[in-house]
Amino acid sequence: MGNLGCCQMNSIKDEEKNESNGPLVSKPSYGGKEDSEEEPMTSDIGLRKQSSGTEQPFRIDRSNFLRVIKGNLRDHYCILTKLGEGSFGFVYKAMQHNTEVLRAIKSIPKAELTEETDKQLVGEVEILRTLDHPNIIKIYEMIEEEDSINVVTELCTGGEMFDRIIALHSFSENKAAMNMFQIMSAVVCCHRAGIVHRDLKPENIVYLNEREDSALKVIDFGTSRRLKPSTYLKKTTGTVSFT
């Protein structure tokens, strides 16, 4: 899974915005001190020389790598099995036709989207598309069908951390330290990008696979928010039993 150190991402305002990769539904406007406007996230990946001879950072917008497609989901993926069911959608295991790579697909019927769930979905996608860290779930593309919105992410088959805690009763000190290193590495990456998760709990931390040394992934950014400096959150958010 590569290095577990935190990714280095700088928040800047781009002079030109690529509108082709915008959200599928109207982007919510988070008002007041509790939520802040989203700013494009970029990463320095090298240097390029300008005509003046001075070196300027070459920046690439992570969000531009999210594909947004309108069409039939089954033209791109073969649905293999249903992994789970949530309050307003289903999660499937699927295989991409061209690459035969396995992915997870969250399918949300448009009829089930309320104003609140619509806002959460857009917010989650807009945040995940800017993050790139080995311990944060990766989002690859969105496919909008006539009656549903499908979010394609990496497939995690190792189950929730909560289930392993119940099954094993406890972790060794070394295992607990490695788990906390991965979790806090993901949290630091989010905080450096101005993002707060707001619902971090064992159910929202999953294992990439069933191996004992599997990497962890932080998931479910539906209630997460992006903050500007000198702003703060006031609402009680998250799972009450873990607060």
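Residues numbered from 1 in each chain as written. Predicted model: local features only at pLDDT ≥ 70, side-chain atom pairs only at ≥ 80, totals over all residues. Heavy atoms only, no water.

### Brief notes about the overall build of the protein chain
Operational definition: Going along the chain from the N terminus, every DSSP run of H or I of four or more residues is numbered as a helix, and every run of E of two or more is numbered as a strand. A 1.4 Å probe rolled over the protein chains alone gives each residue an accessible area, and that area as a share of the maximum for its type sets the label: buried under 20%, exposed over 50%, partly exposed in between. Residues are treated as being in contact if the distance between any of their heavy atoms lies within 4.5 Å. The Shrake-Rupley method, run with a 1.4 Å probe sphere, supplies the accessible areas, and residue values consider only the shown protein chains as cover.
Within the protein chain one finds three helices and 13 strands. Split into buried and exposed, the 243 residues of the protein chain put 41% on the buried side. Within the protein chain, residue pairs in contact and separated by at least 24 positions form 66% of the contacts whose partners lie at least 6 positions apart. Total accessible area computed for the protein chain in this model is approximately 14,100 Å², and 50% of it derives from carbon and sulfur atoms.

### A few points about the nonpolar core
A general tendency of soluble globular proteins is for nonpolar side chains to be buried together. The cut-off we apply is this: Put simply, a nonpolar core is a bunch of buried Ala, Val, Leu, Ile, Met, Phe, Trp, Tyr and Cys residues held in one set by side-chain atoms that sit within 4.5 Å of each other.
With 21 residues, the main nonpolar core has L121, V125, L131, I136, V151 and F221 as its most contacted residues. Secondary-structure elements contributing two or more residues to this core are α1 (115-128), β8 (139-144), β9 (148-154) and α3 (173-192). It is α1 that provides the largest number of residues to this core, a total of four residues. When neighbours within four sequence positions are excluded, V125 is seen to be in contact with L66, I139, M142 and V151. In terms of nonpolar packing, the next biggest core, distinct from the first, is built from seven residues, I69, Y77, I105 and V152 among them.

### Observations concerning the packing of aromatic side chains
To keep things clear, this is the line we draw: Stacked, tilted and edge-to-face are the three classes assigned to paired rings of Phe, Tyr and Trp, where Trp is represented by its six-membered ring and a pair needs centres within 6.5 Å; plane angles under 30 degrees give stacked, over 60 edge-to-face, the rest tilted. By definition here, charges over rings are those cases where NZ of Lys or CZ of Arg is within 6 Å of the ring centre and within 35 degrees of the ring normal.
Scanning all chains against the criterion turns up one aromatic pair. Geometrically, the ring pair formed by F90 and Y92 is tilted, given 6.2 Å between the ring centres and 35° between the ring planes. Assessed through its relative accessible area of 21%, Y92 is described here as partly exposed. Sitting over the face of the ring of Y207, R164 holds its NZ or CZ atom 3.7 Å from the ring centroid.

### Some remarks on the sheet that holds β8
Adjacent strands of a sheet form backbone hydrogen bonds with each other and so pair up, either parallel or antiparallel. Quick note on the threshold: Note on pairing: DSSP must find at least two bridges between two strands before they are called paired. Angles shown run from 0 to 180 degrees and are taken between the N-to-C directions of axes, each axis being a line fitted to C-alpha atoms and, for helices, limited to the stretch in contact.
A sheet is described by the order of its strands in space; here six strands give the open sequence β4-β8-β9-β7-β6-β5, paired in mixed fashion. In this open sheet, the two edge strands, each paired with only one partner strand, are β4 (67-70) and β5 (77-85). The sheet shows a mean angle of 25° between the axes of neighbouring strands, direction not considered. Strand direction decides the pairing type here: β5 and strand β6 (residues 90-96), joined by seven bridges, are antiparallel. Across the sheet, residue E85 finds its bridge partner in β6, namely F90.

### Observations regarding the pairing of β9
Counting buried positions along β9 gives seven out of seven residues, so the element sits mostly inside the fold. Of the strand pairs in this sheet, strand β7 (residues 102-109) and β9 are connected by seven bridges, and their pairing is antiparallel. Looking at β9, one finds that P109 is bridged to S148. Turn length for the β8-β9 hairpin, with the two strands adjacent in sequence and antiparallel, is three residues.

### Observations concerning the environment of F221
Checked against the element boundaries, F221 lands in the loop between β12 (216-218) and β13 (225-226). Sequence-wise, F221 and V125 are 96 residues apart; in three dimensions their C-alpha atoms are separated by 8.3 Å. Apart from the residues lying within four places of it in its own chain, the contact partners of F221 are E124, I127, L128, L131, I136, C190 and H197.

### Here we look at the pattern of salt bridges
Quick reminder of the rule: A side-chain nitrogen of Lys or Arg and a carboxyl oxygen of Asp or Glu constitute a salt bridge if their distance falls within 4 Å.
For the structure shown, the criterion picks out ten salt bridges. Two residues, E124 and K106, come together in a salt bridge whose shortest N-O distance is 3.7 Å. Remark: K106 occurs in strand β7 and E124 occurs in helix α1; sequence separation between them is 18 residues. A relative accessible area of 32% places K106 in the partly exposed class. A salt bridge links K110 to E144, with the nearest nitrogen and oxygen atoms 2.8 Å apart. Of this pair, K110 sits in the loop between β7 and α1 while E144 sits in strand β8, and the two are 34 residues apart along the sequence. Note on K110: relative accessible area 31%, which makes it partly exposed.

### What about the side chain of K217?
Convention followed: Two N or O atoms count as a polar contact when they lie within 3.5 Å, although within protein this holds only if one can serve as hydrogen donor and the other as acceptor, and sequence-adjacent residues are included solely when both atoms are side-chain atoms.
One can find K217 in strand β12. Of note is the side chain of K217, whose polar atom sits 2.8 Å from the backbone oxygen of P134. At a separation of 3.1 Å, a polar atom in the side chain of K217 contacts the side chain of E154.

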